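# Structural description and commentary
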Amino acid sequence: MKQLQEELDTKQGFKRTLNSVQLLAINLGTTIGAGIFVFSGQAAAKYSGPSVIISFVIAGIVALLSSLSYSELVAMMPSSGSVYTYTYIALGEYLAWFIGWNSVIFNLFGVSIVIVAWSKHVVILIDILSDYNVTSMILQAPVAWNEDTGRFFITGQAINIPAIAITIAITILLIIGIRQTATVNLVLVVFKIITILIFIFACCNYVNRNNYYPFFPPNQGSFSEYGITGMLQACTFVFFAYVGFDTVSTVAQEVKSPERSLPIAMIGSTIISLLLYVGVCTVMIGLVQYNFLDSDSPLFEAIKATPYGLWLSVVMNLGAIAGLTTVGLTVMLAQTRIFYAMAHDGLLPPIFAKIHPQRATPWISILIMGVFCAVFSGVCPVDILGETTSIGALITYIFVHITVIVMRYTHGDMQRVFQVPFGSWLIPTVGSLLCILLMKGISKTTGFRFLVWTALGQIIYFSYGFWHSKQRKLRKSTFVTSAAELLPTVESSGKQYTQNGLESNLANENTENAV
């Protein structure tokens, strides 16, 4: 076990600069974003109606149980790889690759989703403040997806320049340093939480209780359209709002006192997010009927039912822009650290683990990810990937729960500063089952995209990762060393065996001659 801890400590190059407040802000920066500013209204309008409030509660409970399991692991192994590292140690390299590759879905693609949403809110803000029509050739990707026909179509637009611009800005900030990144994130997080609280307390007096009925609209004949099953479908859809509470586990090597600070940040941010989400949804649904909330800015639609008008709309759009900025910033931060860990183990090219000598950041990895996100969000229809990010997160959380159970037996002697309450089985088992339940709402199209992405990961692993794996090379080196050490012994034994056999033959010949 001492050897395991030493192995984790060898992954150096980062500076421990983050404190507890910055960690909490990083997690809140990741979680509070598109899930509440965009997806909340769409979930109510398309799937659940007013019962979207329950959907956020159920999704929050699933996230909270996962945060408990995460906290036990991150307190034991404060390494930059997060669940990739935990899986590597507990379940082996192959499954660790699967999880590491799976993290790209809800991190890399998740960044693109929120960046496109950021661009839309910038357009809305400009439209509110002026009569200038900014919807032109430079604000939308040239290709989009039609959910009704299940086909791509040409939008007639050219490129999403605002999405590309904010991606470049985030990339530069991440390269500059973790301390500067954490400071900017903290300021933006405080601002967006203030705007959310303003919305809740300013608008609660104008809630119409009739808008809550029927709380579960009658089912329309399919699993996803209203009723109890529609509420469950909405759980899967809004679970994206909680994805990111584990972000701080990826910067564990840059944290002061990680064994204590990380569990507090993970559990605390999940609880705060849950309370804010329920508060916003309760007020939003109470202001207008749920069928009017199918919008890229549902809170803006809800504000129209109040006398506040322009000023509150401006404040909420600024809050949304700040919130989506922090999500893009912190999610990109998390994925570059996972790339670093995978490259350190040889599963990705070593360029992903290269640390800038002055800035102490994996700058090449950040640059590569920034270029990918800029191109992808600028020209591709990323809106179709929202549900795909949720399935990626749910599978990851299932592995976290399993790892907790496995390591209680395989690494029982490791010190656990934080332990999942109620034993090693109850919460991880319940958490895994709830994750599986939420996956019930995944559409066939989303499942197909996930399988294609997984197949691509297998090709990359067996083309590069398997052959460059440090673990495989170590096993091979150990085998060769053991064989080399064993060879003299075998040769010595053979000689001794031959000498004994020769002496025995001579004795037999002497006996025969005597006879």
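Being a predicted model, the structure only gives us computed values, none of them experimental.

Looking now at the overall build of the protein. Counting its secondary structure elements, the protein contains 17 helices and two strands. Buried residues in the protein amount to 56% of all 515 residues. Considering only residue pairs separated by 6 or more positions, the protein has 80% of its internal contacts joining residues 24 or more positions apart. Carbon together with sulfur atoms contributes 66% to the accessible area of the protein, which is approximately 22,100 Å² in total.

Another aspect to go through is the packing of aromatic side chains. Within this structure, the stated rule accounts for 27 aromatic pairs. Ring geometry for Tyr70 versus Phe245: centroids 5.8 Å apart, planes at 90°, classification edge-to-face. Of this pair, Tyr70 sits in helix α4 (residues 52–76) while Phe245 sits in the loop between α9 (227–238) and α10 (258–287), and the two are 175 residues apart along the sequence. The residues Tyr70 and Phe245 share a single accessibility class, namely buried.

Our focus in this paragraph is α10. With 30 residues, α10 should cover 44 Å at 1.5 Å per step; its first-to-last C-alpha distance of 43 Å lies within 8% of that length. Counting buried residues in α10 gives 21 out of 30 residues, a clear majority hidden from the surface.

Looking now at the side chain of Ser432. By the element assignment, Ser432 lies in helix α15 (residues 426–439). One polar contact links the side chain of Ser432 to the main-chain carbonyl oxygen of Pro428, over a distance of 2.8 Å.

The biggest cluster of nonpolar side chains holds 145 residues, and the ones touching the most others in it are Ile32, Phe37, Phe56, Phe199 and Phe239. If you tally residues by element for this core, the top one is helix α6 (residues 93–129), at 20 residues. Beyond its immediate chain neighbours, meaning those up to four positions away, Phe37 contacts Ile32, His121, Ile196, Asp296, Ser297, Pro298, Leu299, Met316, Gly319, Ala320 and Gly323.

A separate point is α6. Given a rise of 1.5 Å per residue, 37 residues ought to cover 54 Å, and the 53 Å separating the end C-alpha atoms of α6 matches this to within 8%. Within α6, the axis deviates most sharply at Gly110, by approximately 30°. Among the 37 residues in α6, 31 count as buried, and that is most of the element.

Tracing the sequence through the fold places Ser390 in helix α14 (residues 386–410). A C-alpha to C-alpha distance of 8.5 Å links Ser390 and Met439, two positions 49 residues apart in sequence. Excluding its chain neighbours within four sequence positions, the residues that come into contact with Ser390 are Thr236, Phe237, Phe239 and Phe240.

Here the focus is the packing of helix α8 (residues 178–203) against α10. Relative to each other, α8 and α10 sit at 40°, their axes nearing to 10 Å. Taken as axis vectors, α8 and α10 run oblique relative to one another. The element α8 and its partner α10 pack so that their crossing is left-handed. For the pair α8 and α10, contact is made by Ile193, Ile196, Leu197, Phe199, Ile200 and Cys203 and by Leu276, Gly279, Val280, Val283, Met284 and Leu287, respectively. Among the residues making up the contact of α8 with α10, the classes are represented as 11 nonpolar, one polar and no charged.

With that out of the way, let us pick up the pattern of salt bridges. For the structure shown, the criterion picks out four salt bridges. Between Glu72 and Arg408 there is a salt bridge whose closest N-O contact spans 2.8 Å. Pair noted here: Glu72 is in helix α4 and Arg408 is in helix α14, with a separation of 336 residues, a long-range link. We note that Glu72, like Arg408, is buried.

Right, let's talk about the confidence of the model for the protein for a bit. With 83% of its residues at a pLDDT of 70 or more, the protein shows a mean pLDDT of 81. Segment residues 1–11 is flagged for pLDDT under 50; beyond a separation of four residues in sequence, or across chains, it makes 20 contacts in the model. Taken together, the stretch residues 489–515 has pLDDT below 50 and engages in zero contacts with residues farther than four places along the chain or on a different chain.

Definitions and limits used
Residues numbered from 1 in each chain as written. Predicted model: local features only at pLDDT ≥ 70, side-chain atom pairs only at ≥ 80, totals over all residues. Heavy atoms only, no water. Helix = DSSP H or I, 4+ residues; strand = E, 2+ residues; numbered from the N terminus. Buried < 20%, exposed > 50% of the residue type's maximum accessible area, 1.4 Å probe, protein only. Contact = heavy atoms within 4.5 Å. Areas by Shrake-Rupley, 256 points an atom, 1.4 Å probe, with all protein chains shown as cover. Phe/Tyr/Trp six-rings, centres within 6.5 Å; stacked < 30°, edge-to-face > 60°. Expected span 1.5 Å × (residues − 1). Polar contact = N/O pair within 3.5 Å; in protein donor to acceptor, adjacent residues only side chain to side chain. Core = buried A, V, L, I, M, F, W, Y, C linked by side-chain atoms within 4.5 Å. Bend = angle between axes of the 7 residues up to and from the residue. Axes fitted to C-alpha atoms, helices over the stretch in contact; angles between N-to-C directions. Parallel < 35°, antiparallel > 145°, perpendicular 65-115°, else oblique. Left-handed = near helix turned anticlockwise from the far one by under 90°. Nonpolar A, V, L, I, M, F, W, Y, C, P; charged D, E, K, R; others polar. Salt bridge = Lys/Arg side-chain N within 4 Å of Asp/Glu carboxyl O. pLDDT = per-residue confidence, 0-100.

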